[in-house]
Every structure is written in C-alpha cells, then in structure tokens.
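# Report on the structure
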Amino acid sequence: MLKLSLDACARQQLTAARSSTAGRAAHTVVGGHGNVMRQTVIALTGGRELGEHENPGEATLVVLHGRVRLVSEKDSWDGRRGDLLVVPDARHRLEAVEDAVVLLTVAKLGAK
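Report on the accompanying structure. None of these values were measured; they are calculated from a predicted model.

### Regarding the pattern of salt bridges
Scanning all chains against the criterion turns up nine salt bridges. Residue arginine 67 pairs with glutamate 98 through a salt bridge whose shortest N-O separation is 3.6 Å. A residue pair is termed long-range when its members are at least 10 positions apart, and arginine 67 in strand β5 (residues 67-72) and glutamate 98 in the loop between β8 (92-96) and β9 (100-107) qualify at 31 residues. Classification of arginine 67 by relative accessible area gives partly exposed; the value is 32%. On the basis of relative accessible area, glutamate 98 is assigned to the partly exposed category, the value being 36%. A salt bridge links glutamate 95 to arginine 93, with the shortest nitrogen-to-oxygen separation between them at 2.9 Å. Take arginine 93: its relative accessible area is 25%, and that puts it in the partly exposed class. In this structure, a network of salt bridges that share partners links the residues Glu49, Arg69, Asp78, Arg93 and Glu95.

Rules and cut-offs
Going along each chain's sequence as written, the residues are numbered from 1 onward. For a predicted model such as this one, the threshold for reporting local features is a pLDDT of at least 70, and the threshold for listing and counting side-chain atom pairs is 80 or more; totals across whole chains, interfaces and linings nevertheless cover every residue. The side-chain figures draw on all heavy atoms in the structure; neither hydrogens nor water molecules are used. Salt bridge criterion: a side-chain nitrogen from Lys or Arg within 4 Å of a carboxyl oxygen from Asp or Glu. A helix here means a DSSP run of H or I that spans at least four residues, while a strand means a run of E at least two residues long, and both kinds are numbered starting from the N terminus. When accessible area is computed with a 1.4 Å probe and restricted to protein chains, residues below 20% of their type maximum are described as buried, those above 50% as exposed, and intermediate ones as partly exposed.

As structure tokens, then:
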C-alpha cells in the first residue's frame, strides 16, 4: 500500500516551481508511462501555462492549491482548490491564474 500527503507534495512542487526558470514542476506520484493510469502533481506559478497539447487519454484535474483555467478552443473552465475539472477530448492548455498545484489523473487507452 502507498500512502502520501498530497498537501506536502503540493508544497514541495510549488517550492520547486517558484525556484525554476520555467515556473513549473511536476512529480508522478502513482503509475507511469507503462501503466494505464498515471497521477502527477503539477505546480505552476501565476501567469505560467502548460501550452496547448492533445489529450493523452481520459483525464481529470483536481485543484490542490490556487486557481487555474483549462482552455480548449472557444471554451474555458475555471477551477479553484477542491474543484475537479474533466479534461476535454480536444487540444487544450492549462493556465495558472495564480500560483497553483493540480493533481492530473490520466487513463491511457490501450496502455500496457
């Protein structure tokens, strides 16, 4: 069994993002590239973004800290601590409205 504190992981990744020139940091906490499911804690400093990319499979974001905006084509969804956002099956980007940390869960179809 694995037990970890998402709050502690969020603090660590946010500290790393703040000291990074890219303004972001990430750590996979469950699964990995060879697994069907992967969960990654991602921190972004305010004003930074994960640029537009394809959806890697079924995915959700849980906002652990701060505020984010998920943008896809003409639609956008705002999220704050405690919100769950379902990632659209389309090209999208994630913007940090303020310093933010999310838990990204991805289930890749056809993995393994």
